[in-house]
Amino acid sequence: LQGKGYSNDYINRTLAAGRAALNRAVKRQEVRTVPFIPALESSPPRDVRISLDDAAALFDKCEEPHILMFLMLAFNTLSRPVALLELDKSQVDFENRLIELNPVGHKQTKKYRPTVPITDTLLPWLEQAEQGPLVAYWGRSVKSVRRGFNAVRDAAGLAKEVSPYAIRHTMAIELRKRGVPPWEVQGLLGHKTGGYRTTEIYAKYD
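All values derive from a computational prediction rather than experimental measurement.

A. Fine view of the packing of aromatic side chains. Counted by the stated rule, this structure contains three aromatic pairs. Centroid distance Y6 to Y10: 4.5 Å. Interplanar angle 15°. Geometry classified as stacked. Take Y6: its relative accessible area is 37%, and that puts it in the partly exposed class. Taking 6.4 Å as the distance between ring centres and 90° as the angle between the ring planes, the aromatic pair formed by Y137 and W138 counts as edge-to-face.

Here is the structure:
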C-alpha cells in the first residue's frame, strides 16, 4: 500500500478492518489465535486551506445548483461533507435558526454531528429549498459531490489537493483568525470534550 502511494492513515484504517475481522473470528471460535497486527505512525496533518480569493473563484465557476448548495452549506456550517449530503430540509429548525446535522433516529458516532446555527447568508437558501434532501440533483439525494466539486475546482484553477473537506478546515481557521472562542469552534466542528486537542490545531491562527 505504501508502494502505491497510500498514506499511513489510510493503511491504518485498512489494517484496523482486518484486525477487527480476525478478532471477530476468534470470538466466534472460527480460529484459535490471530497474529498481532501493528499500526503505522500516523501521517502528519495536511494543511490544505482555501484563500478568500480561491473561495470566491469556486463560487464564480460553479454552475450546477446542487454543487452550489453544497458550497453554501459547507462554508456556513463547517460540517463534514457526508453529513451535508445526508441533510434533509426536515432537519432545519427555522423558528430557532438551527440545523440538526444528526437526523432523528440516526445514532451519533465518533464523527459527532452537532446542531449548528443558521447564518444570515444561508437562511434564504434554506427557505427557498424544496422539501427533501438539500443537496439534490433533479430532486434526488447525491451520494458524492467529488466529481462535480473537482470540476469546479479545476475551472477555478485551484490545486488538486483542495477537496470538499478543505472547506471545513478553512472555515475553522478563519473563525480562529477572527477571534471566535475555541469552545464555539469546537461545538461547530462537532469535537466533543475529549476532542479539544483536535480543535486546538487551529489555535496558532488565533
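B. Highlighting empty space enclosed by the protein. Enumeration over the complete set of coordinates arrives at one cavity of 30 Å³ or more. If you add up the space inside the largest cavity, you get close to 40 Å³.

C. Looking closely at the layout of surface pockets. If you add up the space inside the second largest pocket, you get close to 670 Å³. Surrounding the second largest pocket, 25 residues form its lining, F75, L78, M171, E174 and L175 being those nearest its centre. Elements that contribute at least two residues to the lining of the second largest pocket include exactly helix 2 (52–61), helix 3 (65–77), strand 3 (115–117), helix 7 (165–177) and helix 8 (182–189). Looking at the lining of the second largest pocket residue by residue, the classes come out as 13 nonpolar, seven polar and five charged.

D. Expanded view of helix 1 (residues 8–27). Between its first and last C-alpha, helix 1 extends 28 Å over 20 residues, near the 28 Å set by a 1.5 Å rise per residue. Turning to helix 1, its buried residues are I11, N12 and A25. The buried residues of helix 1 all sit within an arc of 140° when viewed along its axis, so they share a single face. Exposed side chains of helix 1 directed beyond 90 degrees from the buried face belong to R13, R24 and K27. Note on helix 1: the residue one or two positions beyond its end, Q29, has a positive phi of about 60°.

E. Up close: the packing of helix 2 against helix 3. With their axes 9 Å apart at the nearest point, helix 2 and helix 3 run at an angle of 155° to one another. For the element pair helix 2 / helix 3, the angle class is roughly antiparallel. For the element pair helix 2 and helix 3, the recorded crossing hand is left-handed. Across the interface between the two elements, A55, L58 and F59 of helix 2 pack against L68, L71, M72 and F75 of helix 3.

F. Region of the structure containing a nonpolar patch on the surface. A cluster of nonpolar side chains, namely L1, Y6 and Y10, defines an oily patch on the protein surface of about 270 Å² accessible area. Structurally, Y10 can be placed in helix 1. Residue Y10 is classed as partly exposed on the basis of its relative accessible area of 33%.

G. View of the environment of V135. For V135, the location among the structural elements is in the loop between helix 5 (123–128) and strand 4 (136–137). In the structure, V135 is positioned 48 residues away from L87 in sequence and 7.4 Å away in space, judged by C-alpha atoms. Excluding its chain neighbours within four sequence positions, the residues that come into contact with V135 are H66, M69, F70, L73, L84, L85, R140, S141, V142 and V145.

H. Main features of helix 3. Counted at 1.5 Å a residue, the expected span for helix 3 with its 13 residues is 18 Å, and the 18 Å between its end C-alpha atoms agrees. With respect to burial, helix 3 is a largely interior element, eleven of its 13 residues being buried. Of all the positions in helix 3, only H66, I67, M69, F70, L71, M72, L73, A74, F75, N76 and T77 are classed as buried. Remark: L78 follows helix 3 within two positions and exhibits a positive phi of approximately 65°.

I. Spotlight on the environment of F94. You can see F94 is positioned in the loop between strand 1 (92–93) and strand 2 (98–100). Assessed through its relative accessible area of 32%, F94 is described here as partly exposed. Filtering out sequence-adjacent residues up to four positions away, F94 remains in contact with K89, L123, L126 and E127.

J. Broad picture of the pattern of salt bridges. Per the counting criterion, the structure on display carries seven salt bridges. Between E30 and R28 there is a salt bridge; the shortest N-O distance is 4.0 Å. Assessed through its relative accessible area of 54%, E30 is described here as exposed. For R28, a relative accessible area of 49% corresponds to the partly exposed category.

The rules behind the values
- Sequence order as written defines residue numbering, which begins from 1 separately in each chain.
- Note on the predicted model: pLDDT of at least 70 is required for a residue's local features to be given, and 80 or more for side-chain atom pairs to be given and counted; whole-chain, interface and lining totals, by contrast, use all residues.
- Excluded from the side-chain calculation are hydrogens and water; included are all heavy atoms of the structure.
- The aromatic pairing rule takes the rings of Phe, Tyr and Trp, using the six-membered ring of Trp, and pairs them if the centres are within 6.5 Å, calling planes under 30 degrees apart stacked, those over 60 edge-to-face and the rest tilted.
- Using a 1.4 Å probe on the protein chains alone, a residue whose accessible area is under 20% of its type maximum counts as buried, one over 50% counts as exposed, and one in between counts as partly exposed.
- In this analysis, the protein atoms alone were mapped onto a 1 Å grid. Cavities are point sets where a 1.4 Å probe fits without being able to get out; pockets are open sets with protein on both sides within 12 Å along at least five of seven lines; lining residues have an atom within 4 Å of a point.
- Grid points are joined across faces, edges and corners, and a volume is the space filled by probe spheres set on the points.
- Helical segments are the DSSP runs of H or I of at least four residues, strand segments are the runs of E of at least two, and each set is numbered from the N terminus.
- Under this grouping Gly is polar, as are all residues other than the nonpolar Ala, Val, Leu, Ile, Met, Phe, Trp, Tyr, Cys and Pro and the charged Asp, Glu, Lys and Arg.
- The span one expects for a helix is its residue count, reduced by one, times 1.5 Å.
- Each direction from the helix axis to a C-beta atom contributes to the arc, which is the arc of those directions.
- Note on geometry: axes are C-alpha line fits, over the in-contact stretch for helices, and angles between N-to-C directions span 0 to 180 degrees.
- We call two directions roughly parallel when the angle between them is under 35 degrees, roughly antiparallel when it is over 145, roughly perpendicular when it lies between 65 and 115, and oblique otherwise.
- Left-handed describes a crossing in which the near helix is turned anticlockwise from the far one by less than a right angle; the clockwise case is right-handed.
- Note on definitions: a residue-residue contact is assigned when non-hydrogen atoms from the two residues lie within 4.5 Å.
- Note on patches: the residues involved have over 30% relative accessible area and no salt bridge, like charges join within 9 Å, and the nonpolar side chains Val, Leu, Ile, Met, Phe, Trp and Tyr join within 5 Å.
- Methods summary: accessible areas were calculated by the Shrake-Rupley approach with a probe of 1.4 Å, and residue burial reflects only the protein chains presented.
- Salt bridges are identified by distance alone: a Lys or Arg side-chain nitrogen within 4 Å of an Asp or Glu carboxyl oxygen.

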